[in-house]
Amino acid sequence: MIELLATRYAYLLMFVLLGVGLYMTIASQNLVKKLIGVNLFQTAIFLFFVAVAYVEVDGEPGGSPVVPATENPASSDLILASPLPHVIVLTAIVVGIALTAVGLALIVRIYSEYGTLREDTLREVRADE
Amino acid sequence: MSSVELLPALLVVVPILLATVPIALGLRYDRTGWSVTLATTVGLFAGTVYLATVVYGGSGTNQEVAVIHELGGFTAPMGIELVADTLSTMIALLVTGTALGVLAFTRVGGPRGNTFYSGYLLLVGGLLGLTMTGDVFNMFVFLEIVGLGSYALISSGRGPEAAVAALKYLIIGTVGASIYLIGVGFLFMATGSLNMLDLAATVPTLEGQNLQLARAAFAFIFVGFAIKVAQWPLHSWQPDAYQHAPDGVTPLIAALVSTVSAYALARLLFTVFGAEFIASTPYASEIIVTVGAVSVVAGSTLAVIQTDVKRMLAYSSVSQFGLIVAAYGLLTETALVGALIHLIGHGLMKAGLFIAVGIIAIGYGARTVDAYAGLAGERPFVAGSMAVLLIALVGIPPSIGFIGKWYIAVGAIEAQSWLVAGVIFLSTMLTLAYVARLLERMYFTPASALEAGHEDTATVGHAVTDGGTATVRGTRVTIGMLAIVIFVAALAVFLGFAGDAFFALLEPFVESADLEVSP
């Protein structure tokens, strides 16, 4: 268990963040906080991809590491970073920004129409109409 | 590189680049959006037709006839490929054809404005990219482009309800696409590749821990797409989005967005993972079939109790896509062909039905099932076309709805899956229940005295109930709009005779899916 925590902490953190993000998205009544929850959910996935990028190669460092190859203290193998997941994370961040922008624009419009950001109040206002 | 190989890239890049033109021109000129979009869409349709003649003109296996474009000259498996094979070309034809038809409707039916047409082109480009991409991460990017386009188009409705529906769709849709991305991450961990064909070669050789990773990837990808395809109970974004989107947008979104997502799911299930992987994974096939079957029953039941026609048709989509997903899970050739035919047929029928709903809202002021009373007497052509499309949706021959359901039913019996066979029968009954309600109103209930002077009362009533979402002032029903609906209805009947042709065209793809395994 300790060993798992020491070596795989990034994956555990990812699942914690996924859970927090999803819980916020579902449970929070505030629309902006919901959107922050979605962002947290996506950030967890970026962390996952960055964690996946570390690959161990026996002996020679192959490919083109973004982070210089260092020796793994546990097995004396070389650790290096695959560049592909980093490119994926960069693209996914851009996509995430676009979505956040559209989401916030919609929230601004909802606020100007109904005068509230809370989902429960919104439901009441809409039921009255 | 020959000119044909450039075509897949052009089909994706051109609409996305030209999406900026309506906004740019809009700074100076007011109403250029429609012309730019029309020119682009006609070009895209012509390009797709040419691509189809090349792909279906060739002979050989799926890989041999496919037109492949390697983006930037980077070869697979490192680079990203755009692939137009026998299946994706057919979906691309559906996308460009429907986009053209719906565009003709928006000329008068609205919504207008240059930003709307920018969103329209962005959505069409994203859909074509999602159709032709050969890379699983690239698929995520196109999934999000399609999402962004749909959120923007849905929120272009006038009332505030449209914004709420779009935000709901945005949050649920983004979580769905993100869950798919987690699946891609697991798949990358297991195989170290993102190219679909490379993955298809690697996945069957996986063992031990990597096989477990691939199974986790499969689970995440399926759940992610279950949200995008609107499977019960993950469908909750869809009825709101369809109902509150403007009348000119609903046909496009209902006919294409979920359809192309369902196509992408088929691509992942049968090209990337392969039937053998699904069959060897415990309960995978059973879970897919169960999710689909539950959606069929839940979607149809919810459709029966709706009063708003658009909402009713939205729940009907949940159930029809349930049928398609259940057919994927059967893992037989006949069921797969049936699912793909039903995918295309459902897209066509829903496009026609939602355009008809738009015409009726403009010309007759009716939006609820009750307000459709006496429609056949006043608007015989729209009512007639709508009746034909509704009957095709039930699956009464000759119609495309019939051949899709027929092949799925035959596939279910071949696979000895009595659950699906029973669900198809039940779904036909339930579809008939909500279709018959509408037909009875249109043809056999006279417009009551209370509702005389229909246009006025209905418009006022609608403004109250619906927040005035899509009451487009100053619009009228044109001959062109009627012609589109009648054409779609005729096509839905005509394609009912084309079952063998579909089978022949899709054969190379179905063979490459290699379904000769007993589940």
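Bear in mind the structure is a predicted one, so any value in this text is a computation, not a measurement. (Residues numbered from 1 in each chain as written. Chains lettered and ligands numbered in written order. Predicted model: local features only at pLDDT ≥ 70, side-chain atom pairs only at ≥ 80, totals over all residues. Heavy atoms only, no water.)

### A word on the overall build of chain B
Then comes step 1: Looking only at helices and strands, chain B features 22 helices and 2 strands.
Then comes step 2: The globule rule puts the C-alpha radius of gyration for 519 residues at 24 Å, and the 22 Å found for chain B is close to it.
Then comes step 3: Overall, chain B is about 70 × 60 × 40 Å in size when its C-alpha atoms are taken along their principal axes.
Then comes step 4: Burial status across chain B gives 63% buried among its 519 residues.
Then comes step 5: A fraction of 81% describes how many contacts in chain B between residues 6 or more apart in sequence connect residues 24 or more apart.
Then comes step 6: Of the accessible surface of chain B, which amounts to about 17500 Å², a share of 67% is contributed by carbon and sulfur atoms.
Then comes step 7: Side-chain charges in chain B split into 19 positive and 30 negative, and the spacing between the mean points of these groups amounts to 17 Å. (Helix = DSSP H or I, 4+ residues; strand = E, 2+ residues; numbered from the N terminus. Rg over C-alpha atoms; globule rule 2.2 N^0.38 Å. Buried < 20%, exposed > 50% of the residue type's maximum accessible area, 1.4 Å probe, protein only. Contact = heavy atoms within 4.5 Å. Areas by Shrake-Rupley, 256 points an atom, 1.4 Å probe, with all protein chains shown as cover. Lys, Arg positive; Asp, Glu negative; His and termini not counted. Charge placed at Lys NZ, Arg CZ, Asp CG, Glu CD.)

### Observations concerning the overall build of chain A
Then comes step 1: Across its full length, chain A carries 5 helices and 3 strands.
Then comes step 2: Ordered by position from N to C terminus, the α and β elements of chain A give α-α-α-β-β-β-α-α.
Then comes step 3: Within the span of chain A, comprising 129 residues, buried residues form 33% of the whole.
Then comes step 4: For chain A, the computed accessible surface area is about 7500 Å², with 66% contributed by carbon and sulfur atoms.

### Description of the packing of aromatic side chains
Then comes step 1: Within this structure, the stated rule accounts for 17 aromatic pairs over all chains.
Then comes step 2: Residues F48 of chain A and F49 of chain A carry aromatic rings whose centres are separated by 5.8 Å and whose planes lie at 65 degrees to one another, so their mutual orientation is edge-to-face.
Then comes step 3: Of the residues examined, F48 of chain A reaches a relative accessible area of 1% and is grouped as buried.
Then comes step 4: On the basis of relative accessible area, F49 of chain A is assigned to the buried category, the value being 1%.
Then comes step 5: Ring pairing ties together the aromatic residues Y11, F48 and F49 of chain A together with F186 and F220 of chain B, which thus form one cluster.
Then comes step 6: Of note, R107 of chain B hangs over the ring of W34 of chain B, and the distance from its end group to the ring centre comes to 4.6 Å. (Phe/Tyr/Trp six-rings, centres within 6.5 Å; stacked < 30°, edge-to-face > 60°. Lys NZ or Arg CZ within 6 Å of the ring centre and 35° of its normal.)

### Thoughts on the UniProt feature "domain: NADH:quinone oxidoreductase/Mrp antiporter transmembrane" (unreviewed entry) in chain B
Then comes step 1: On the UniProt side, "domain: NADH:quinone oxidoreductase/Mrp antiporter transmembrane" (unreviewed entry) is annotated at positions that read residues 134–431 of chain B here.
Then comes step 2: Secondary structure across residues 134–431 of chain B divides into 81% helix and 0% strand, with the first and last C-alpha atoms of the span separated by 36 Å. (UniProt positions renumbered as here; feature names shortened; annotations may be inferred.)

### Some words on the pairing of strand β2 (residues 81–84) of chain B
All names here are of chain B.
Then comes step 1: Residues of β2 alternate between two faces, with E81 and V83 on one and L82 and A84 on the opposite face, all of them buried.
Then comes step 2: Sheet topology note: the strand β1 (residues 67–70)/β2 ladder contains 4 bridges and is antiparallel. Its bridge partner being in β2, H69 is matched across the sheet by L82. (Pairing = 2+ DSSP bridges.)

### A closer look at the packing of helix α1 (residues 3–18) of chain B against helix α6 (residues 114–132) of chain B
Residues and elements named next belong to chain B.
Then comes step 1: Contact pair α1 / α6: the axes reach a minimum separation of 7 Å and the direction vectors enclose 155 degrees. Looking at the two axes, α1 sits roughly antiparallel to α6. Handedness of the crossing formed by α1 with α6: left-handed. Mapping the contact onto sequence places P8, L11, V12, P15, I16 and L18 in α1 and L121, L122, G125, G126, L128, G129 and M132 in α6.
Then comes step 2: Partitioning the contact of α1 with α6 into residue classes produces 10 nonpolar, 3 polar and no charged. (Axes fitted to C-alpha atoms, helices over the stretch in contact; angles between N-to-C directions. Parallel < 35°, antiparallel > 145°, perpendicular 65-115°, else oblique. Left-handed = near helix turned anticlockwise from the far one by under 90°. Nonpolar A, V, L, I, M, F, W, Y, C, P; charged D, E, K, R; others polar.)

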